[in-house]
Amino acid sequence: MSQRKRVTALLLDFDGVLRRWDPAVTAGVEREYGLAGGSLHAAAMAPERLTPAVTGQVSDAAWMAGVAEAIAEQAGGVVTARAAVDAWQAYRGDVDPDVLALVREVRAAGVRVGLGTNATDVLDADLAALGLTGEVDLVVNSSVVGAAKPSREFFLAAATALATLPDQVLFVDDDDRAVRGARAAGLSALRWGGPADLPYVRAALAG
């Protein structure tokens, strides 16, 4: 990364960085309800359902209702499909303790830390359920911003929320498109590969 000395704020992705998902949970729900492997994720991530949800055009509940409709035939009816979606959504992931420790460490050193995530209107509830309320300085939720990663609008809104110039923000995400979008918007960005990247982040923030 160039200009490491200028990095004064950290923007973290939520899913895949601070929050981890155990794929065995989803696979178990799909087996229980007779769904093909990957069906739930595919239905949820279809752009025609995902984009309205993460840009605030529809609620999380409406998004999940659409997922249930999409898998209803495979599940043997909409009632079973809704039950499958409810069982899937009951699991809200787990916090990566190494990343949380980093967040606490850099905040204690005076670095502002934000979450920058494509999320819906249940994000605050998820943060509370995972014990993360107050663990970051601010949350940039795409459904509130009205624009999602990897758009330039999202990243400029995040830099504004951090009260930091874009080129002084280090963004960390496990998705390459988001990383490229951040760089195009003028942020420094790292493609997250796991805890092995923590020394790099610490070095970048140390300047």
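Everything discussed here concerns the structure shown above.
Reference entry: report on the structure contained in this document. Treat the numbers as computed from the prediction; the structure is a model and nothing was measured.

Where helix α4 (residues 60-75) meets helix α5 (residues 78-89), the closest approach of the two axes is 7 Å, and the angle between their N-to-C directions is 125°. Put simply, α4 runs oblique to α5. The handedness of the crossing between α4 and α5 comes out as right-handed. Residues D60, M64, V67, A68, I71, A72 and A75 of α4 form the contact with α5, whose own contacting residues are V78, T80, A81, R82, A84, V85, W88 and Q89. For the contact of α4 with α5, the residue count by class is eleven nonpolar, two polar and two charged.

One can describe the packing of helix α6 (residues 97-108) onto helix α11 (residues 198-206) by two numbers: an axis separation of 11 Å at closest approach and a directional angle of 15°. Relative to α11, the element α6 is oriented roughly parallel. α11 is crossed by α6, and the crossing has right-handed handedness. Together, D98, L102, E105 and V106 of α6 and L198, V201, R202 and L205 of α11 make up the contact between the two elements. Counted by class, the contact of α6 with α11 contains five nonpolar, no polar and three charged residues.

With that out of the way, let us pick up the environment of V67. Relative to the helices and strands, V67 resides in helix α4. According to the relative accessible area criterion, V67 is buried, its value standing at 0%. Spatially, the C-alpha atom of V67 lies 14 Å from that of V29, the residues being 38 residues apart in sequence. Setting aside chain neighbours within four positions, we find V67 in contact with L40, A43, A44, R49, V85 and W88.

In this section: the pattern of salt bridges. In the structure shown here, the tally under the stated rule is eleven salt bridges. The salt bridge partner of D13 is K149, with a shortest N-O separation of 2.8 Å. Here K149 lies in the loop between α8 (142-145) and α9 (152-161) and D13 lies in the loop between β1 (9-12) and β2 (19-20), a separation of 136 residues in the sequence. Judged on exposure class, the residue D13 and its partner K149 are both buried. In this structure, the salt-bridge partner of R92 is D126, at a minimum N-O distance of 2.8 Å. Within this pair, whereas R92 is found in the loop between α5 and β3 (94-95), its partner D126 is found in helix α7 (residues 123-129), the two being separated by 34 residues in sequence. The same class applies to R92 as to D126, namely buried. Among the charged side chains, a salt-bridge network with shared partners connects D15, R19, R92 and D126.

This structure, assessed with the given rule, holds three aromatic pairs. Summarising the aromatic geometry, the rings of W21 and Y91 are spaced 5.6 Å apart at their centres and angled 80° between planes, so their arrangement reads as edge-to-face. Residue W21 is located in the loop between β2 and α1 (23-32), and its partner Y91 is located in the loop between α5 and β3; the two are separated by 70 residues in the primary sequence. Assessed through its relative accessible area of 39%, W21 is described here as partly exposed. Through a chain of ring-to-ring contacts, the aromatic side chains of F154, F155 and F171 assemble into a single cluster.

Cut-offs and rules
Per chain, residues are indexed from 1 in the order of the written sequence. With pLDDT at 70 or above as the cut-off, local features in this predicted model cover only qualifying residues; side-chain atom pairs require 80 or more to be listed or tallied, and sums for whole chains, interfaces and linings still use all residues. Derived side-chain values reflect all non-hydrogen atoms in the structure, with water molecules and hydrogen atoms excluded from consideration. Working convention: axes come from line fits to C-alpha atoms, limited for helices to the stretch in contact. Angles between N-to-C directions cover 0 to 180 degrees. Helix and strand labels come from DSSP, where a helix needs a run of H or I of at least four residues and a strand needs a run of E of at least two; each type is numbered from the N terminus. Between 65 and 115 degrees an angle is taken as roughly perpendicular, under 35 as roughly parallel, over 145 as roughly antiparallel, and anywhere else as oblique. By convention the crossing between two helices is left-handed if the near helix lies anticlockwise of the far one by an angle smaller than a right angle, and right-handed if it lies clockwise. Contacts between residues were defined by any pair of non-hydrogen atoms, one from each residue, lying within 4.5 Å. When residue character is reported, Ala, Val, Leu, Ile, Met, Phe, Trp, Tyr, Cys and Pro are called nonpolar, Asp, Glu, Lys and Arg charged, and the others, Gly included, polar. Each residue gets one of three labels from its accessible area relative to the maximum for its type: buried under 20%, exposed over 50%, partly exposed in between, using a 1.4 Å probe on protein chains only. For salt bridges, the criterion is a side-chain nitrogen of Lys or Arg within 4 Å of an Asp or Glu carboxyl oxygen. Centre distance within 6.5 Å is the pairing criterion for rings of Phe, Tyr and Trp, where only the six-membered ring of Trp is used; planes under 30 degrees apart are then read as stacked, over 60 as edge-to-face, and the remainder as tilted.

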